[in-house]
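Each chain, written out:
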Amino acid sequence: MLKQRIITALVLLAVLLPALFHDAIEPFALLALLMIVAAGWEWARLNGCPSTRALVLGGGLGLALAAFWAAGGLAVPWRPLWLAVGALWVVLAVVMLRRGVSGWAGWPAALRLWTGLFLIACAWLALVQARLMGLDFLLSVLLLVWMADIAAYFGGKALGRRKLAPTISPGKSWEGAVSGLLGVFVSAGGWLYADAQGLGDHSSLYALLWAKGPALAALALLFLVAMSVVGDLVESLVKRSAGVKDSSQLLPGHGGVLDRVDALLPVLPLAMMLATL
């Protein structure tokens, strides 16, 4: 399993890094679009769609976003959309996590399906527009999610006693969540220090938040870390309701695309919301 994970990770990096660092946005946007097609297919399957319909929905989502791209949608500032999506994620966090796994199946099937596809589409738009804002900005958002996850894992392993959401994700603990937050604060401080030494261009998420004031920056990071946990918990809740361990087996050793980007789904649009206010 470890060998499989390493091979898959290396292949993904070999594809992702050239697109990420390319001067033009097209390679990265296209690669992200392919991932969104896979995520849309996985979401449809998790919500009970048969194989053919799930393929049609995933492909249709990709075609719709490609048409949106061709029509110039990437060049439009979407501040009202980020506010609306941010509010939707907060409402989902409160309602879904309070109702729990059993409550998910009680929602109308069409509402579950299309709300998820809409949020996945918004994550693609936020991801590509974050890259258009600058490589430093996108990498700082990705670092926030990765650091929150890594620090939470090790903090939870070492200190975890109180379960965060035992019926949804038994492995998560409050101690792990706090460790993730502290890890993000440390990485943000390191990034800001590097900027002060002339090693960055001051366009990162951390720099933009810091410019609004230290207190607001700390609150914003707390909010983003909390929502990264929400993204993970929401996907875990949906998988438990569907009775599966992984969203798919598209990434050998890593599960599916949604398993890898669940925390990014809320954080990307929320980061865009905070950065463009």
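Structure: above.
Throughout what follows, the structure given in this document is the object of discussion. What you see is a predicted model, and the numbers here were worked out from it, not measured in a lab.

Things to note about the overall build of the protein
Turning to step 1, where the next piece is worked out: Per the secondary structure count, the protein includes 11 helices and two strands.
Turning to step 2, where the next piece is worked out: Seen in sequence order, the protein has helices and strands lined up from the N terminus as α-α-α-α-α-α-β-β-α-α-α-α-α.
Turning to step 3, where the next piece is worked out: The C-alpha radius of gyration of the protein comes to 18 Å, within 12% of the 19 Å expected for a compact globule of 277 residues.
Turning to step 4, where the next piece is worked out: Each principal axis of the C-alpha atoms in the protein carries an extent, and together these give about 55 × 50 × 40 Å.
Turning to step 5, where the next piece is worked out: Burial status across the protein gives 49% buried among its 277 residues.
Turning to step 6, where the next piece is worked out: Considering only intrachain contacts with a sequence separation of at least 6, the fraction spanning at least 24 residues in the protein is 73%.
Turning to step 7, where the next piece is worked out: As displayed, the protein offers around 13500 Å² of accessible surface, 71% of which is attributable to carbon and sulfur atoms.
Turning to step 8, where the next piece is worked out: Charge-centre separation for the protein: the mean point of 19 positive side chains lies 11 Å from the mean point of 13 negative side chains.

Looking at the nonpolar core
A general feature of soluble globular proteins is that nonpolar side chains tend to end up buried together.
Turning to step 1, where the next piece is worked out: Ranked by internal contacts, the top residues of the largest apolar core, which has 86 residues, are Trp-43, Trp-89, Met-96, Trp-124, Leu-144, Leu-205 and Leu-258.
Turning to step 2, where the next piece is worked out: For this core, the element with the highest residue contribution is helix α5 (residues 109–133), accounting for 13 residues.
Turning to step 3, where the next piece is worked out: Leave out the neighbours within four places in its chain, and Leu-258 touches Ala-39, Glu-42, Trp-43, Leu-46, Ile-120, Glu-235, Ser-247 and Leu-265.

A word on the environment of Leu-55
Turning to step 1, where the next piece is worked out: The topology assignment puts Leu-55 in helix α3 (residues 51–70).
Turning to step 2, where the next piece is worked out: By relative accessible area, which is 56% here, Leu-55 ends up exposed.

Some remarks on the packing of α5 against helix α6 (residues 135–159)
Turning to step 1, where the next piece is worked out: α6 packs onto α5 with a crossing angle of 130° between their chain directions and a minimal axis gap of 5 Å. Comparing the axis directions of α5 and α6 gives the class oblique. In this structure, α5 uses Leu-127, Ala-130, Arg-131 and Met-133 to contact α6, whose residues at the interface are Leu-135, Phe-137 and Leu-138.
Turning to step 2, where the next piece is worked out: Broken down by class, the residue content of the contact of α5 with α6 amounts to six nonpolar, no polar and one charged.

Quick notes on the state of the cysteines
Turning to step 1, where the next piece is worked out: In total, this model carries zero disulfides according to the counting rule given.
Turning to step 2, where the next piece is worked out: Its sulfur unpaired, Cys-49 is 19 Å from the next cysteine sulfur, which belongs to Cys-122.
Turning to step 3, where the next piece is worked out: Look at Cys-122 and you get buried, because its relative accessible area is 4%.

With respect to the packing of aromatic side chains
How two aromatic rings sit relative to each other is set out by the distance from centre to centre and by the angle between their planes.
Turning to step 1, where the next piece is worked out: Inspection of every chain in the model, using the stated rule, returns six aromatic pairs.
Turning to step 2, where the next piece is worked out: Seen from their ring centres, Trp-69 and Trp-124 are 6.3 Å apart, and the 55° between their planes marks the pair as tilted. One end of the pair, Trp-69, is in helix α3; the other, Trp-124, is in helix α5, and 55 residues separate them in sequence.
Turning to step 3, where the next piece is worked out: Using a relative accessible area of 0% as the deciding quantity, one classes Trp-124 as buried.
Turning to step 4, where the next piece is worked out: Here Trp-191 and Tyr-206 contribute two aromatic rings whose centre-to-centre distance is 5.8 Å and whose plane-to-plane angle is 65°, an arrangement assigned as edge-to-face. Separated by 15 residues along the polypeptide, Trp-191 in helix α7 (residues 174–196) and Tyr-206 in helix α8 (residues 205–210) bring together distant segments of the chain.
Turning to step 5, where the next piece is worked out: Since its relative accessible area comes to 2%, Tyr-206 is described here as buried.

As for α6
Turning to step 1, where the next piece is worked out: Spanning 25 residues, α6 covers 35 Å between terminal C-alpha atoms, matching the ideal 36 Å at 1.5 Å per step.
Turning to step 2, where the next piece is worked out: Within α6 the residues assigned to the buried category are Asp-136, Phe-137, Leu-138, Ser-140, Val-141, Leu-142, Leu-144, Val-145, Ala-148, Ala-151, Gly-155 and Gly-156.

Remarks on the pattern of salt bridges
Turning to step 1, where the next piece is worked out: For the structure on display, the rule yields four salt bridges.
Turning to step 2, where the next piece is worked out: Taking the shortest distance from any N to any O, the salt bridge between Glu-175 and Arg-162 comes out at 3.2 Å. Of this pair, Glu-175 sits in helix α7 while Arg-162 sits in the loop between α6 and β1 (163–165), and the two are 13 residues apart along the sequence.
Turning to step 3, where the next piece is worked out: Across the salt bridge formed by Asp-259 and Lys-239, the nearest N and O atoms sit 2.8 Å from each other. Of this pair, Asp-259 sits in helix α10 (residues 257–261) while Lys-239 sits in helix α9 (residues 214–242); the two residues are 20 residues apart in sequence, bridging distant segments of the chain.
Turning to step 4, where the next piece is worked out: Under the relative-accessibility criterion, Lys-239 is labelled buried at 11%.
Turning to step 5, where the next piece is worked out: Here the salt bridges do not stand alone but share partners, grouping Glu-235, Lys-239 and Asp-259 into one network.

What counts, and where the lines are drawn
Per chain, the residues get numbers from 1 upward, laid out in the order the sequence is written. Per-residue local features are limited, in this predicted model, to residues with pLDDT of at least 70; the limit for side-chain atom pairs, both in listing and counting, is 80 or more; totals at the level of whole chains, interfaces and linings are taken over all residues. The basis for the side-chain values is all heavy atoms of the structure; hydrogens and waters are excluded. To qualify as a helix, a DSSP run of H or I must reach at least 4 residues; to qualify as a strand, a run of E must reach at least 2; elements of each kind are numbered from the N terminus. Note that the radius of gyration is over C-alpha atoms, with the globule rule given as 2.2 Å times the number of residues to the power 0.38. Exposure categories follow from relative accessible area, calculated using a 1.4 Å probe and restricted to protein chains: below 20% of the type maximum is buried, above 50% is exposed, and the middle band is partly exposed. The contact criterion used is simple: two residues touch if any of their non-hydrogen atoms lie within 4.5 Å. Each accessible area value is a Shrake-Rupley result obtained with a 1.4 Å probe; residue values ignore everything except the protein chains displayed when judging cover. Positive charges are assigned to Lys and Arg, negative charges to Asp and Glu, while His and the chain termini are left out of the count. Lysine's charge is taken at NZ, arginine's at CZ, aspartate's at CG and glutamate's at CD. Joining through side-chain atoms within 4.5 Å is the link that ties buried Ala, Val, Leu, Ile, Met, Phe, Trp, Tyr and Cys residues into a set, and such a set is a nonpolar core. A fitted line through C-alpha atoms represents every axis, and for helices the fit uses only the stretch in contact; the resulting angles, taken between N-to-C directions, go from 0 to 180 degrees. Any angle between 65 and 115 degrees counts as roughly perpendicular, while under 35 counts as roughly parallel, over 145 as roughly antiparallel, and the rest as oblique. All residues other than Ala, Val, Leu, Ile, Met, Phe, Trp, Tyr, Cys, Pro, Asp, Glu, Lys and Arg, Gly among them, are scored as polar; the first ten of these are nonpolar and the last four charged. The rule for a disulfide is simple: a pair of cysteine sulfur atoms within 2.5 Å. Working definition: a ring pair exists when centres of Phe, Tyr or Trp rings (six-membered ring for Trp) sit within 6.5 Å. Plane angles under 30 degrees give stacked, over 60 give edge-to-face, the rest tilted. By this rule the span expected of a helix is its residue count minus one, scaled by 1.5 Å. The salt bridge definition used is simple: a Lys or Arg side-chain nitrogen within 4 Å of an Asp or Glu carboxyl oxygen.

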